[in-house]
Amino acid sequence: MILGRKKGVIGLDIGSSSIKLVELGDSKNGYRLQNIGLLPLPPEAIVDGALMDSVTIIDTIRELVTQTKTRTKDVITSVSGHSVIVKKISLPVMSEAELEESIQWEAERYIPFDINDVNLDFQIFGSSAENPEVMDVVLVAAKKDIINDYVSVITEAGLNPVIIDVDAFAIENMLGINYEIEKDETVAIANVGASITNINILKNNMTAFTRDIFKGGNQITEEIQRQLHVDYDEAERIKVGSKIDTTSQPIIQNVLREASESLALEIGNSIEFFQSTSTYEKIHRLYLSGGGAKIKDFDIILQQQIGIPVEIVNPFKKIVYDDKNFDLEYLREIGPMMAVGVGLATRKVGDR
Ligand SMILES: Nc1ncnc2c1ncn2[C@@H]1O[C@H](COP(=O)(O)OP(=O)(O)OP(=O)(O)O)[C@@H](O)[C@H]1O
Ligand SMILES: [Mg+2]
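Model, not experiment: these values are computed from the prediction.

Enquirer: Explain the overall build of the protein to me, please; I cannot follow it from the model alone.
Expert: Looking only at helices and strands, the protein has 10 helices and 15 strands in total. Since a compact globule built from 352 residues should have a radius of gyration of about 20 Å, the 20 Å found for the protein is in line with a globular shape. For the protein, the C-alpha atoms occupy an extent of roughly 65 × 50 × 45 Å along the three principal directions. By residue count, 42% of the 352 residues in the protein fall in the buried class.

Enquirer: Where do I start with the site of ligand 1 in this structure?
Expert: Among the 21 residues in the neighbourhood of ligand 1, the closest are listed as G15, S16, G193, G217 and G291. Of all elements in the fold, only α5 (217-228) and α6 (232-239) reach the threshold of two or more residues within the shell around ligand 1. Looking at the shell around ligand 1, its residues break down into five nonpolar, 13 polar and three charged. When residues are assigned to domains, the shell around ligand 1 turns out to be shared by domain 1 (1-82 + 144-179 + 314-352) and domain 2 (181-312), each giving three or more.

Enquirer: Please explain unusual backbone geometry as it appears in this structure.
Expert: It is generally the case that most residues other than glycine have a negative phi and that most peptide bonds are trans. Phi is positive for N204, close to 50°, though the residue is something other than glycine. Relative to the elements of secondary structure, N204 occurs in the loop between β12 (197-203) and β13 (206-213). The phi angle at H229 is positive, at roughly 55°, despite the residue not being glycine. Mapped onto the fold, H229 is located in the loop between α5 and α6.

Enquirer: How should I be thinking about α6 in this particular structure?
Expert: Each α-helix winds once per 3.6 residues, and so residues spaced three or four apart point in a common direction. A235, E236, I238 and K239 are the residues of α6 that are buried. Projected down its long axis, α6 carries its buried residues within an arc of 165°, all on one side. Residues of α6 that are buried in the fold lie against α5 and α7 (249-276). G241 lies just past α6 and shows a positive phi near 110°.

Enquirer: It is not clear to me how α5 should be interpreted in this structure. Could you clarify?
Expert: For α5, spanning 12 residues, the distance from its first C-alpha to its last is 17 Å, which sits close to the expected 16 Å at 1.5 Å a residue. Looking at the buried residues of α5, the elements they touch are β11 (187-192), α6 and α7. Within two residues after α5, H229 carries a phi angle of roughly 55°, on the positive side.

Enquirer: Please explain the domain arrangement of the protein as it appears in this structure.
Expert: The domain boundaries assigned to the protein delineate domain 1 (1-82 + 144-179 + 314-352) and domain 2 (181-312). On the domain 2 side, the residues contacting the 16 residues of domain 1 number 21 residues. Of all the secondary structure elements, the ones that give two or more residues to the side of domain 1 that touches domain 2 are α4 (167-178) and α10 (339-345). Per-element accounting of the side of domain 1 that touches domain 2 gives the leading share, five residues, to α4. Considering only residue class, the side of domain 1 that touches domain 2 consists of nine nonpolar, five polar and two charged.

Enquirer: So what exactly am I meant to see when it comes to the packing of helix α1 (residues 54-68) against helix α3 (residues 144-156) here?
Expert: Any two packed helices are characterised by the angle at which their axes cross and by the distance between the axes. Running from N to C, α1 and α3 point in directions that differ by 50°, and their axes come no closer than 8 Å. When the axes of α1 and α3 are compared, the pair comes out oblique. With respect to the hand of their crossing, α1 and α3 are arranged in right-handed fashion. Residues S54, I57, I58 and I61 of α1 lie in contact with α3, whose contacting residues are V153, I154 and E156.

Enquirer: Is there a simple way to explain the pairing of strand β8 (residues 118-127) in this structure?
Expert: Bridge count between β8 and strand β9 (residues 134-143): eight bridges; the pairing is antiparallel. Bridge assignment links Q123 to a residue of β9, and that residue is V138. Following β8, the chain reverses through six residues before pairing antiparallel with β9.

Enquirer: I'm lost on the sheet that holds strand β3 (residues 30-40) in this one. Help?
Expert: Picture the strands of a sheet paired through backbone hydrogen bonds; they go either parallel or antiparallel. Ordered in space as β3-β2-β1-β6-β10, the five strands form an open sheet in which the pairing is mixed. The outermost strands of the open sheet, each flanked by one partner alone, are β3 and β10 (160-166). Put simply, the sheet's adjacent strands are angled 25° from each other on average, direction ignored. Its contacts with the sheet put α3 on β1 (10-14), β6 (74-79) and β10, and the angle it makes with β10 is roughly 140°. Sitting on the sheet, α4 is in contact with β3, β6 and β10, with an inclination near 85° to β10.

Enquirer: Before we go on, may I ask you to explain the nonpolar core in this structure?
Expert: Nonpolar side chains in soluble globular proteins generally cluster together in the buried interior. Among the nonpolar cores identified, the biggest contains 90 residues, and L12, I61, A142, A188 and L288 are the most heavily contacted of them. The element that contributes the greatest number of residues to this core is α7, accounting for eight residues. Taken domain by domain, this core gets at least three of its residues from each of domain 1 (1-82 + 144-179 + 314-352) and domain 2 (181-312). Each residue touching I61, except ones within four places of it in the same chain, is listed here: L12, I19, V153, I154, A157 and L159.

Enquirer: Looking at this structure, I do not really get the packing of α7 against helix α8 (residues 298-306). What am I missing?
Expert: At their nearest, the axes of α7 and α8 sit 9 Å apart, and the two run at 40° to each other. Put simply, α7 runs oblique to α8. Our pair here, α7 against α8, has a crossing hand that is right-handed. Two secondary-structure elements touch here, α7 through S260, E261, A264, L265, I267, G268 and I271 and α8 through F298, I301, L302, Q305 and I306. Across the contact of α7 with α8, the residue classes break down as eight nonpolar, three polar and one charged.

Rules and cut-offs
Residues numbered from 1 in each chain as written. Chains lettered and ligands numbered in written order. Predicted model: local features only at pLDDT ≥ 70, side-chain atom pairs only at ≥ 80, totals over all residues. Helix = DSSP H or I, 4+ residues; strand = E, 2+ residues; numbered from the N terminus. Rg over C-alpha atoms; globule rule 2.2 N^0.38 Å. Buried ≥ 20, exposed ≤ 12 C-beta atoms within 10 Å, placed from the backbone. Near = placed C-beta within 6 Å. Nonpolar A, V, L, I, M, F, W, Y, C, P; charged D, E, K, R; others polar. Domains from an automatic or database assignment. Arc of directions from axis to C-beta. Contact = placed C-beta atoms within 7 Å. Expected span 1.5 Å × (residues − 1). Axes fitted to C-alpha atoms, helices over the stretch in contact; angles between N-to-C directions. Parallel < 35°, antiparallel > 145°, perpendicular 65-115°, else oblique. Left-handed = near helix turned anticlockwise from the far one by under 90°. Pairing = 2+ DSSP bridges. Core = buried A, V, L, I, M, F, W, Y, C linked by C-beta atoms within 7 Å.

Here it is as structure tokens:
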């Protein structure tokens, strides 16, 4: 959804566990890293996708702007979860202008929300491979109230929201600039966040299937809290590897393994569901992103579960940066969590 047109943008990923800021500039053959930042949010700031504590969210965005010293004001952000629906549909071949006219009416058949409560957007991918009389269209509907909440925190933080994207598309863009995916390769992306796992399957460089699973790193934190009787902050520290006493170690290992297996099973189910609707399309690779990609051995457990090669993404793979300004170790550390932010920052205002 385009809300304005200017150049030079900040990619701002407002996640439930942390807000990430990425700014890219141009380099000779692609992108140069200009600014980057990540600041945690308390667990009650965003709950089930709803911005519960705007004051903290606004303060955190302001703090990121101060820390990174960015002077850019235009922001691209994204939403996912319950308030967004992405659907690949087939429609009779028509022009973009014609679809613009009829989108409201067409969408009513596919969107389970009241059409007056959503912002609609679409992208036409040309006539379908199976039937030249119909065209493939990816339809996006996002609830107006959540869009308004995002616009409002960004505006109140002194910035100017210009595009509201969808997490899954941002990751698609991040992959596009960093990885070479053959046109006939079907690949899956799983972005495992704190509260949501976004699945996106790409076929012919186009979204063929998306699904959000309402599970992620939080389940592990909660389980650690429950089993070790510690608070959220302590459980988070333990999860990401802070030292614990030897009697608790097997408990943690167990929690991590069980959570990984359960998440891998869910991801596998989504992939199987997609395959069952697409004459068992072979999936060549699964790209894993989000903080969940950092759960110890999760990539291995997932690969075993789904029988598809799993690769943890490096969103900075082809982005150049000055190592006087950025620490390679830190970039590697936060990499998987920055996938959405990098994807957002690659968008130019004026793009669809
Ligand atoms: N080393 C690690 N081991 C295990 N889990 C980790 C590690 N590092 C980060 N995480 C977990 O990853 C999650 C954060 O990932 P991410 O930043 O992608 O989520 P988010 O965007 O804030 O959340 P969401 O998109 O679900 O709203 C947290 O649950 C965090 O505990
Ligand atoms: Mg996220």
